[in-house]
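Letter by letter, the chains look like this.
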Amino acid sequence: MTEIDPTTRRRIVDALREQRIETPSWGYGNSGTRFRVFPQPGVPRDPYEKVADAATVHRFTGVTPTVALHIPWDRVDDYAALAGYAAEQGIALGTINANVFQDDDYKLGSVTNPDPAVRRKAIGHLVECIDIMDATGSRDLKLWFSDGTNYPGQDSVRERQDRLADALRQTYDRLTGEQRLLLEYKLFEPAFYMTDVPDWGTAYAHCLDLGERARVVIDTGHHAPGTNIEFIVAFLLRAGKLGGFDFNSRFYADDDLMVGSADPFQLFRIMHEIVLSDALGPRHGVAFMLDQCHNIEPKVQAVIRSVLNVQEATAKALLVDVAALTAAQRSGDVLEANAVLMDAYNTDVRPLLREVRAEMGLDPDPVAAYKRSGHLERVSAERVGGDQAGWGA
Ligand code: PSV
Ligand code: MN
Ligand code: MN
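Within any chain, residue numbers begin from 1 and follow the written order of that chain's sequence. Written order determines the labels here, with chains lettered from A and ligands numbered from 1. Reporting in this predicted model follows two pLDDT cut-offs: at least 70 for local features of residues, and 80 or more for side-chain atom pairs to be given and counted; totals over whole chains, interfaces and linings ignore these cut-offs and use all residues.

**A look at the overall build of the protein**
Selection criterion: Starting at the N terminus, helices and strands are each numbered in turn, a helix being any DSSP run of H or I of at least four residues and a strand any DSSP run of E of at least two. This radius of gyration counts C-alpha atoms alone. The globule rule is 2.2 Å times how many residues there are, raised to the power 0.38. Every C-beta atom is placed from the backbone, and the number of other C-beta atoms within 10 Å of a residue's own sets its class: buried at 20 or more, exposed at 12 or fewer, partly exposed in between.
A count of helices and strands for the protein gives 14 helices and ten strands. A globule of 393 residues ought to have a C-alpha radius of gyration of about 21 Å, and the protein, at 21 Å, matches this closely. Counting only C-alpha atoms, the protein reaches 65 × 55 × 40 Å along its principal axes. In the protein, buried positions account for 46% of the 393 residues.

**Describing the UniProt feature "domain: Xylose isomerase-like TIM barrel" (unreviewed entry) in the protein**
Stated precisely, the cut-off is as follows: UniProt positions are given in the numbering used here, feature names are shortened, and annotations may be inferred rather than shown by experiment.
Per the UniProt record, "domain: Xylose isomerase-like TIM barrel" (unreviewed entry) is annotated on residues 77–274. Across residues 77–274, helical content stands at 41% and strand content at 16%; the span's end C-alpha atoms are separated by 38 Å.

**Focus: the pairing of strand E4 (residues 140–143)**
Strand residues, when the strand is regular, have side chains that alternate between the two faces of the sheet. The line we're drawing: When DSSP finds two or more bridges between a pair of strands, those strands are recorded as paired. If you view a crossover with the strands going away from you and the path from the first strand over the helix to the second runs clockwise, you call it right-handed.
Where burial is concerned, the two faces of E4 agree: the one with Asp140 and Lys142 and the one with Leu141 and Leu143 are both buried. In terms of strand pairing, strand E3 (residues 92–97) meets E4 through two bridges, oriented parallel. Paired with asparagine 97 across the strands is lysine 142, a residue of E4. In this fold, the crossover linking E3 to E4 by way of helix H4 (residues 116–136) has right-handed handedness. One ladder, built from four bridges, connects E4 with strand E6 (residues 180–184); its direction is parallel. When the sheet's bridge partners are listed, lysine 142 is paired in E6 with leucine 182.

**Regarding the sheet that holds strand E9 (residues 242–247)**
Hydrogen bonds between backbone groups are what pair the strands of a sheet, and the pairing can be parallel or antiparallel. Taking strand neighbours across the sheet as the criterion, the eight strands line up as E1-E2-E3-E4-E6-E8-E9-E10 in an open arrangement whose pairing is parallel. Because the sheet does not close on itself, it has two edges, and the strands there are strand E1 (23–24) and strand E10 (287–290).

**Some details on helix H5 (residues 157–174)**
To be explicit about the condition: Each helix should span, by expectation, one fewer than its residue count multiplied by 1.5 Å. Arc, as used here, means the arc of the directions from the helix axis to the C-beta atoms. Our contact criterion uses C-beta atoms placed from the backbone: two residues qualify when those atoms are within 7 Å.
Taking 1.5 Å of rise per residue, 18 residues should cover 26 Å, and H5 covers 26 Å from first to last C-alpha, within 8% of that figure. Among all positions of H5, only Arg160, Arg163, Leu164, Ala167, Leu168, Thr171 and Tyr172 are buried. Looking down the long axis of H5, one finds its buried residues gathered within 165° of arc, a one-sided arrangement. Looking at H5, the residues exposed on the side facing more than 90 degrees away from the buried face are Arg158, Glu159, Asp162 and Asp173. Of the surrounding secondary structure, the elements contacted by the buried residues of H5 are H4, E6, helix H6 (200–210) and strand E8 (214–219).

**Some words on the site of ligand 1**
Rule in force here: Nearness here has a simple definition: the residue's C-beta atom, placed using the backbone, must lie within 6 Å of the molecule or strand. Residues are grouped as follows: Ala, Val, Leu, Ile, Met, Phe, Trp, Tyr, Cys and Pro are nonpolar; Asp, Glu, Lys and Arg are charged; all remaining types, including Gly, are polar.
Close contacts around ligand 1 come from ten residues, with Asn97, Trp144, Asp219, Asp254 and Asp291 the closest. Residue classes in the shell around ligand 1 are distributed as three nonpolar, one polar and six charged.

**A short note on the packing of helix H8 (residues 264–276) against helix H9 (residues 299–319)**
Going by this rule: In this description, a line fitted to the C-alpha atoms serves as the axis of each element, helices being fitted only across the stretch in contact, and the angle between N-to-C directions of two axes falls anywhere from 0 to 180 degrees. Here the angle decides the label: under 35 degrees means roughly parallel, over 145 means roughly antiparallel, 65 to 115 means roughly perpendicular, and every other value means oblique. Each crossing is labelled by how the near helix is turned from the far one, with a counterclockwise turn of less than a right angle marking it left-handed and a clockwise turn marking it right-handed.
Relative to each other, H8 and H9 sit at 55°, their axes nearing to 8 Å. Taken together, H8 and H9 sit at an angle that is classed as oblique. As for the relative orientation of H8 and H9, their crossing is right-handed in sense. Contacts between H8 and H9 involve Pro264, Leu267, Phe268, Met271, His272, Ile274 and Val275 on the former and, on the latter, Asn309, Ala313, Thr314, Lys316, Ala317 and Leu318. Counted by class, the contact of H8 with H9 contains nine nonpolar, three polar and one charged residues.

**Some details on the pairing of E8**
For E8, the tally of buried residues reaches six of six residues, placing the bulk of the element in the interior. Where E6 and E8 come together, four bridges link them in parallel fashion. Counterpart to leucine 181 in the pairing with E8 is alanine 214. As paired strands, E8 and E9 are joined by four bridges and run parallel to one another. What sits directly across from valine 217, in E9, is glycine 244. Running through helix H7 (residues 229–238), the crossover from E8 to the neighbouring parallel element E9 is right-handed.

**Focus: unusual backbone geometry**
Across the chain, the bulk of peptide bonds are trans and the bulk of non-glycine residues have phi less than zero. A cis amide bond links isoleucine 71 with the next residue in sequence, proline 72, at an omega value of 20°. Position of proline 72 relative to the elements: it lies in the loop between strand E2 (66–70) and helix H3 (79–89). Along the chain, glutamate 189 connects to proline 190 via a cis peptide bond; the corresponding omega equals 10°. Locating proline 190 in the fold gives a position in the loop between E6 and strand E7 (194–195). The phi torsion at aspartate 256 lies on the positive side, around 60°, for a residue other than glycine.

**Observations concerning the nonpolar core**
What counts is decided by this rule: Here a nonpolar core is just a set of buried residues of the types Ala, Val, Leu, Ile, Met, Phe, Trp, Tyr and Cys, joined wherever their C-beta atoms sit within 7 Å.
Counting 96 residues, the largest nonpolar core has Leu143, Leu183 and Val216 as its most contacted members. In terms of residue count, the dominant contributor to this core is H9 (twelve residues). In this structure valine 216 touches Leu183, Trp200, Ala203, Tyr204, Cys207, Leu236, Lys241, Leu242 and Gly243, once residues within four positions along its chain are discounted.

**Some remarks on the packing of H5 against H6**
Following both chains from N to C, one finds H5 and H6 inclined at 45°, their axes separated by 10 Å at the closest point. In terms of axis orientation, H5 runs oblique to H6. By crossing handedness, the relation of H5 to H6 is classed as right-handed. Only His206, Asp209 and Leu210 of H6 make contact with H5, whose side of the interface consists of Leu164, Ala165, Leu168, Arg169 and Tyr172.

**What to know about the environment of phenylalanine 231**
The topology assignment puts phenylalanine 231 in helix H7. By the C-beta count within 10 Å, which is 12 here, phenylalanine 231 ends up exposed. Sequence separation between phenylalanine 231 and arginine 269 is 38 residues; the distance between their C-alpha atoms is 9.4 Å.

Given below as C-alpha cells:
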C-alpha cells in the first residue's frame, strides 16, 4: 500500500464517520433453528428492551443510530411512545419489516394467495405497517414474501404475478412524503418449486412498474452459491434502484450469520461498488441494514462485531486507488487492475478505524469496551425470561 496523502486520509475518515448501519430488533432476541432454540441470559423481554440493546450497540460503535422493527414481533400499543423511548436512548426507529409469513391463512401464500380474502388480509397488514411508519417516523417499509408453490401445477405462476403486482400497487399508493417501499427477494424457501419473488430481476421489474419510491433490497444470504452479488449491486445502483442491504453471512442458504464472517472479501467487493458509485453516505438512499440472528453467540457483542466487519470492508473499499485502478482498466492491464484492488483489500485498516473512533470520542476497541462495561452481566440479572426473536419459534 502506498502512503495515503492527508487529503485522501481526511476524506476516508469523514466517510467512515458518516457511515450508518441499522441493526435488527430480532437480532437481540432468542433465536435458533427448527431443531432447537438455545435461550440466552439477559435477552430482551419486549420491544423496549430490544431498543435499549440497539442503543447500547450505538453507544459503543457510534454508527448504528437506528433499529429496524418487525411487525408483529415488535407489536406495541403506542408506537409514538416507543419512538420517544428510542430517542431518549439516543437512537431512532428505522425500517418497518412486514410479516405475512407466520399465519395459518398464508399456507398457500399471502399477497399471491388464490383466495381474495387472504390477499385482502395480507394487504391490510402491509397498510397497517405504513400506519406504524407514520407514527414512528420511519422512512422505509421492507417487504419479503414467503409466497410460492411446492409442486408444478399447484397454482398459476402468471396469475400469482398479477396478484403480487396488485398488492404492491395498493401498498405503494398508500405511501406518503419521503416513505419508500423496499422489496426483498430470495432464491427459495419456504416454497421449494417456485418462489414468487425469487431474484433481483423480478424485484427490479416490480419496482420499476411501481415508481420512483420503490427499490430493491439485497439480502446477501438470499442467493445461489457463486452468485456475483457485486454485479447486482452495480446494476441496481446504475439504475437508481438499490434501496438497501440486509447484510448477513451464509454458508448454505439463509443462515443469517454475522456479516463478513465467512467471506469478508465478498463484502469488500460489494462495498467497493458502493464506494465507486458514491453511494455510501445517507443522502444516497442506500440503507445498510443487518438481518442476522445470533443463535449460539452473545447477541449484543455479535452485533457490535458485525458492525466492525462492515466498517473494515468499507475502509478497505475507500482505500482503493481509483485513479490507478481506472488507468489500469483503460490500458487493459488486467493484472495491475486486480493488484490495485487486492492492495486495498490486503491493507490492515484496524489502526485507521481505531483513529476514527478516537476522533468520534469512542473507545477504539468497541468489543473490548463492551465486555468491560458489564452490560451483559447487568441485563442478565435484570431480565428474566427473555423473548424469542420470532425465528425458530
Ligand atoms: C427472510 O428470509 C428474511 O430475510 C426477511 O428479511 C425477513 O423479514 C427476515 O428474514 C427475518 O429475519
Ligand atoms: Mn432479509
Ligand atoms: Mn433471509
